[in-house]
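Secondary and tertiary structure notes
Below, each chain spelled out in residue letters.
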Amino acid sequence: MGLIRNCSFLLYGTKHFGKSGFARAAASWDNSVMERRLEGKVVMVTGANQGLGFEAAQELARRGATLYMVCRNAQRGEEAVQKVRQATGNQDVHLQVCDVSSLASVDSLVREWEVAGRPLHVLVNNAGILVHEYSLSPDGHESCFATHTLGSFALTTALGPLLARSAPSRVIFVSSGGMYTAPLEVKHAGNEDLAGRRYDGMLAYSRDKRRQVALAERLAERWAGQGVGVYSMHPGWATTEGVKKSIPGFYSFYRDSFRDVAQGADTIVWLALQDMASLQPGAFYLDRTTQPKHLPLAGTQYGSAAVDSLWAALERMVEGKVKPVQLAAA
Ligand SMILES: NC(=O)c1ccc[n+]([C@@H]2O[C@H](COP(=O)([O-])OP(=O)(O)OC[C@H]3O[C@@H](n4cnc5c(N)ncnc54)[C@H](OP(=O)(O)O)[C@@H]3O)[C@@H](O)[C@H]2O)c1
């Protein structure tokens, strides 16, 4: 099954995920949406100091958003904030230091937003890693899981009341086409049992990207009546420092086909700007279009019971560590 899945992914990816896939899709776009402005809208982008997160943040700032760039390293974050201010002329751009893989750090961010009482209209869960060495987060969870799944779950659910009060608002999960190669794995959510097994960073990454798609689906269902839209997306294969470092072999083989960072960030920006009535809650997007969540014969389908189990496992991990934002009476 794994072989079929991977072949299917490579065939599909070669056709759609590179710059030629972007160009084909872009040929029929109406770009007027991209001219919309975001003055008065508060936007948070995680993992914003480089790569796709930086690019998306910059484009959202260019359109007048009040922007919070969530970065785990204060110096890299401050440099990124200054770059965005300079490039866009928007001075309403701020650094939010937070390691999304740490529940204490996520809780600090949430507490700060609670005190500030500011709204939140767009949350982009972009922070991501792909590492080949097994490592643990400050809470003792496998780092890839702690960053993509647990961190984005904790941050999004804790900020949920704020998103609902700021509605219409939206959450964008920057997942990956890599999720096509993984079914929804609940069993290993959290502290993976590695006894006797070698850590497979690519597999861990694909599983977490699948989990993000499932979480977006579930959050979209839960928040449907509250004016909070939740979407997941794949940027395509875009040249970033992260890609060069984490998958150098794949990158050097396919580099001529890779899209640039602006093309990779395009759908993030578009999802932030498009009318919510035209977007499909819980859908998985690539190049401004909803995509299938499973490839033919890949055997990755799952039922809602699996998502229930994942949700319950995540709630247990977060319980007492990240408290939802408490809103003062309006
Ligand atoms: N580029 C692609 O082709 C591609 C394809 C599919 C999906 N994606 C997804 O797109 C997202 C961005 O990837 P990228 O290619 O732009 O990678 P990147 O260049 O490595 O950027 C990742 C960003 O996330 C930050 N980050 C990582 N862990 C964090 C944490 N615990 N807390 C806060 N920030 C953290 C990094 O900060 P530091 O500088 O401190 O490390 C960096 O700013 C990821 O979710 C990735 O999985 C990318």
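That block above? That's the structure.
So, a few notes on the structure that sits alongside this text. By convention here, each chain's residues receive numbers from 1 onward along its written sequence. Note on the predicted model: pLDDT of at least 70 is required for a residue's local features to be given, and 80 or more for side-chain atom pairs to be given and counted; whole-chain, interface and lining totals, by contrast, use all residues. Each side-chain value is worked out from all heavy atoms of the structure, with water and hydrogens disregarded.

Considerations on the overall build of the protein chain
Across its full length, the protein chain holds 11 helices and eight strands. Its C-alpha atoms give the protein chain principal-axis dimensions of roughly 55 × 45 × 40 Å. Remark: exposure states derive from per-residue accessible area (1.4 Å probe, protein chains only) relative to the maximum for the residue type, with buried under 20%, exposed over 50%, and partly exposed in between. Per-residue burial for the protein chain yields a buried fraction of 57% across its 330 residues. Contacts between residues were defined by any pair of non-hydrogen atoms, one from each residue, lying within 4.5 Å. For the protein chain, long-range pairs separated by at least 24 residues make up 78% of all intrachain contacts whose partners lie at least 6 apart in sequence. Once the 35 positive and 31 negative side-chain charges of the protein chain are each reduced to a mean point, those two points are 2 Å apart. Helix numbering and strand numbering both begin at the N terminus, where a helix is a DSSP run of H or I of at least 4 residues and a strand a DSSP run of E of at least 2. Counted charges follow a simple rule, with Lys and Arg positive, Asp and Glu negative, and His plus the chain ends left uncounted. Charge positions come from single atoms, namely NZ of Lys, CZ of Arg, CG of Asp or CD of Glu.

A word on the side chain of Arg-5
Looking at where Arg-5 falls in the secondary structure, it is placed in helix 1 (residues 2-16). By convention in these notes, a salt bridge is any Lys or Arg side-chain nitrogen within 4 Å of a carboxyl oxygen on Asp or Glu. Buried charged residue Arg-5 carries no salt bridge. Nearest counter-charge: Glu-185, at 8.2 Å. Sequence-distant contacts of Arg-5, that is, excluding residues within four places in its chain, are made with Tyr-180, Thr-181, Ala-182, Pro-183, Ala-298, Gly-299 and Thr-300.

Thoughts on the site of the ligand
One heavy atom suffices: a residue is near a molecule or strand as soon as one of its heavy atoms comes within 4 Å of it. Neighbouring the ligand are 29 residues; Arg-72, Arg-76, Asn-126, Tyr-205 and Thr-240 lie closest to it. Within the backbone of Gly-47, an N or O atom sits 3.4 Å from an oxygen atom of the ligand. Polar contact criterion, stated in full: a pair of N or O atoms within 3.5 Å, where within protein one must be able to donate a hydrogen and the other to accept it, and residues adjacent in sequence count only if both atoms are side-chain atoms. Between Thr-240 and the ligand, the recorded distance is 2.6 Å, taken from a side-chain N or O atom to an oxygen atom. Protein coverage of the free-state accessible area of the ligand, which is 900 Å², stands at 92%. Elements supplying a minimum of two residues to the shell around the ligand: helix 3 (51-62), helix 7 (201-222) and helix 8 (241-246). Where accessible areas are quoted, they stem from the Shrake-Rupley method and a 1.4 Å probe; at the residue level, only the protein chains shown are allowed to cover.

Describing the pattern of salt bridges
Using the criterion set out here, one finds 14 salt bridges in the structure. Measuring nitrogen to oxygen at the nearest pair gives 2.8 Å for the salt bridge that ties Arg-259 to Asp-287. Taken together, the residues Arg-259 in the loop between helix 9 (248-254) and helix 10 (261-273) and Asp-287 in the loop between strand 7 (284-286) and strand 8 (289-291) connect sequence positions 28 residues apart. Both residues of the pair, Arg-259 and Asp-287, count as buried. Several salt bridges share partner residues, and in doing so they unite Glu-59, Arg-62 and Arg-63 into one network.

Comments concerning the state of the cysteines
Put simply, a disulfide is two cysteine sulfurs that come within 2.5 Å. Under the definition given, this model contains zero disulfides. Between Cys-98, a free cysteine, and Cys-71, which holds the nearest cysteine sulfur, the sulfur-to-sulfur gap is 9.9 Å. On the basis of relative accessible area, Cys-98 is assigned to the buried category, the value being 3%.

Quick word on the pairing of strand 3 (residues 93-97)
When DSSP finds two or more bridges between two strands, those strands count as paired. Relative to strand 3, strand 2 (residues 66-71) is paired through five bridges, and the arrangement is parallel. Bridge pairing in strand 3 links Tyr-68 to His-94.

Considering unusual backbone geometry
In this model, Ala-167 is joined to Pro-168 through a cis peptide bond whose omega is 5 degrees. Here Pro-168 is to be found in the loop between helix 6 (143-165) and strand 5 (169-174). The backbone phi angle of Asp-287 is positive, close to 50 degrees, even though this residue is not glycine. Residue classification places Asp-287 among the buried residues on the basis of a relative accessible area of 4%.

Description of the sheet that holds strand 3
Each strand in a sheet pairs with its neighbour through backbone hydrogen bonds, running either in the same direction (parallel) or in the opposite one (antiparallel). Sheet architecture is open: eight strands sit in the order 3-2-1-4-5-6-7-8, paired in mixed fashion. Single-partner strands in this sheet number two, and they are strand 3 and strand 8. Along the sheet, successive strands turn relative to each other by an average axial angle of 25 degrees, direction set aside. Where strand 1 (residues 42-46) and strand 2 come together, five bridges link them in parallel fashion. Counterpart to Val-45 in the pairing with strand 2 is Met-69. Every angle, taken between N-to-C directions, lies between 0 and 180 degrees, and every axis is a line fitted to C-alpha atoms, over only the stretch in contact when it is a helix.

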